[in-house]
Amino acid sequence: MSKKVFTFFATRWGIITVGAVIGILASVLQKLGNPPNMGVCVACFERDIAGALGLHRAEVVQYMRPEIIGFVLGAMIAAYIFKEFRARAGSAPIARFILGVFAMIGGLVFLGCPWRAALRLVGGDGNAIFGLLGLITGIWIGTLFLKNGYNLGRSQPTHTTVGWLMPLTMLGFLVLMLIFPQIAGQDKNGVLFYSVKGPGSMHAPLIASLVIGLIIGFIAQRSRFCTMGAIRDFILFRQIHLLLGFISLAVFAFLTNLILGQFNPGFVKQPVAHTIGLWNFGGMLLAGLAFALAGGCPGRQLFLAGEGDGDAAVFVFGMIVGAGISHNFGLASSPNGVGPYGIPAVIIGILVCLFIGFTMRKQLS
Amino acid sequence: MSSIVDARGLSCPQPVILTMNEIKKVQKGEIIVLVDTDTSKENVSRAAISQGWTIKEVVPEGIGYKITIIKD
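Residues numbered from 1 in each chain as written. Chains lettered and ligands numbered in written order. Predicted model: local features only at pLDDT ≥ 70, side-chain atom pairs only at ≥ 80, totals over all residues. Heavy atoms only, no water.

1. Focus: a nonpolar patch on the surface
Residues and elements named next belong to chain A. Side chains of Ile24, Ile247, Val251, Phe252, Leu255, Leu258 and Phe263 sit close together on the surface and give an oily, nonpolar patch of about 540 Å² of accessible area. The element contributing the most residues to the nonpolar patch is helix H10 (residues 241–260), with five residues. Following the sequence through the fold, Phe263 ends up in the loop between H10 and helix H11 (277–294). (Patch = residues over 30% accessible without salt bridge, like charges linked within 9 Å, V, L, I, M, F, W, Y side chains within 5 Å. Areas by Shrake-Rupley, 256 points an atom, 1.4 Å probe, with all protein chains shown as cover. Salt bridge = Lys/Arg side-chain N within 4 Å of Asp/Glu carboxyl O. Helix = DSSP H or I, 4+ residues; strand = E, 2+ residues; numbered from the N terminus.)

2. Concerning unusual backbone geometry
Residue B:Pro13 is reached from B:Cys12 by a cis peptide bond, and omega for that bond is -5°. With respect to the helices and strands, the residue B:Pro13 is situated in the loop between strand S1 (3–6) and helix H1 (14–26). For A:Leu111, which is not glycine, the phi dihedral falls at a positive 85°. Take A:Leu111: it is sitting in the loop between helix H4 (93–110) and helix H5 (114–122).

3. Brief notes about the pattern of salt bridges
Residue and element names in this part refer to chain A. Summed over all chains, the structure comprises 16 salt bridges over all chains. With a shortest N-O distance of 2.9 Å, Asp48 and Arg47 are connected by a salt bridge. Each of the two residues, Asp48 as well as Arg47, counts as buried. (Buried < 20%, exposed > 50% of the residue type's maximum accessible area, 1.4 Å probe, protein only.)

4. Thoughts on the nonpolar core
Ranked by size, the top nonpolar core spans 112 residues in total, and within it A:Leu99, A:Trp115 and A:Ile216 carry the most contacts. With eleven residues, H11(A) is the single largest residue contributor to this core. Not counting residues up to four positions away in its chain, the partners in contact with A:Trp115 are A:Ile22, A:Val40, A:Val42, A:Phe71, A:Ile216, A:Phe225, A:Thr227, A:Cys297, A:Gly299 and A:Phe303. In terms of nonpolar packing, the next biggest core, distinct from the first, is built from 16 residues, B:Ala7, B:Leu18, B:Val44 and B:Trp53 among them. (Core = buried A, V, L, I, M, F, W, Y, C linked by side-chain atoms within 4.5 Å. Contact = heavy atoms within 4.5 Å.)

5. Some remarks on the state of the cysteines
Note on terminology: disulfide describes a covalent bond linking the sulfur atoms of two cysteines. All names here are of chain A. Summed over the entire model, instances satisfying the criterion amount to one disulfide over all chains. Disulfide partner of Cys41: Cys44, at an S-S distance of 2.3 Å. Between Cys41 and Cys44, the S-S torsion sits near 65°, and that sign places the bridge as right-handed. For Cys41, a relative accessible area of 0% translates into the label buried. Judged by relative accessible area, Cys44 falls into the buried class, the value being 2%. Take Cys113: it sits in no disulfide, and the sulfur closest to it among the cysteines is that of Cys41, at 3.8 Å. (Disulfide = S-S within 2.5 Å.)

6. Notes on the environment of A:Gly288
Among the secondary structure elements, A:Gly288 is positioned in helix H11. Once residues within four sequence positions are removed from consideration, A:Gly288 is found in contact with A:Leu135, A:Gly138, A:Ile139 and A:Met228.

7. Digging into the interface of chain B and chain A
Between chain B and chain A, the contact holds 29 residues from the first and 27 residues from the second. Across the chain B-chain A interface, the total number found is three salt bridges. Here B:Asp6 ties to A:Arg154 by a salt bridge, and the two come within 3.8 Å at their closest N and O atoms. Where chain B packs against chain A, one counts 13 residue pairs in polar contact (both at pLDDT 80 or more). For the side of chain B that touches chain A, the elements supplying multiple residues, two or more each, are H1, helix H2 (38–50) and strand S3 (54–61) of chain B. Considering every element that reaches the side of chain B that touches chain A, the biggest residue donor is H2(B), with eight residues. (Polar contact = N/O pair within 3.5 Å; in protein donor to acceptor, adjacent residues only side chain to side chain.)

Laid out in structure tokens, this is it:
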């Protein structure tokens, strides 16, 4: 018997609804305490997790973000309920790791991921326009490789354990947070680092972050929400399905920002942002290209990792390690501008992505 | 005689690219696409419909699905 091909979430109204829910909840998370124009940012939050673990010691960005934990676990719950959990791995994991590292390096030169690029724009930050243009350009370059046969090869079905490792890691992070909760005014409790000032010190209550993370993880897994795929599918196939979801996120976050008084238009003194247009563009070009070559935006990689994709999990770990590299070696930007080594790192990253794109062209029979 | 596209184990957007390539090649008739995730099942079906093809059948096969698409 044929299984129904499209569930509600796979329809046009399904993806629009999911984008709307994410957009509204992102703005609400900001109201509840998350940093400005950063209600949800996958790159920033993974960077904060790297800081909480001490992989870098940038003291303003250290917090074990429960949203990320919720994304993975919510996607896993959805995948199990709807019998979609499939442990799989083995599609060029090292290439995915490197792409994850450089995706993060590029993202932190801009100061955000595609989600935050949209949230910055609808929070009034004009600098996000350069980031979004860079993102589109990077993804466009990625589609040229895809058209010419670029692919990372096939994954293989594998032990269920492989699919569980990322969700278990996230569960472990949550347990650490409960054992070593934040103590007001202290930058460390047990093994976890916390920020006493800066964006890392700004966060919604743990339970709100976790529950909203679980909700977003659940509905994003069902709908296959992907911001990179949104732009890629439009360029490659002129298909607007995922794009409707991304636009819906931006529109509903904008409306929620208006209601909550979180819309402050301008270019200068925007929160957690700098005004160097060229490298806002360049950073996101690198990130977009890396996402396109790796087959998903950073959010999508978390949802895939939740449904058993071990290769997506490797990309996520690449991003977390990339955050450590970015902050330890002065690659990441700050509101004062790009880091001392940010520009060469972006150039090297683009060259690495081009190398991967040009050379990984196995004919698929 | 239908052609077969084996997209198992491939991540986005490869299953859709392979299906679209086959659609361009054969123009009409029947194509069988093998996929191993629900995401690929939806994406391939959506792409086929957008090209004016019809989903004749989707049946579970192995850990994934066998999708049969047709165009007269």
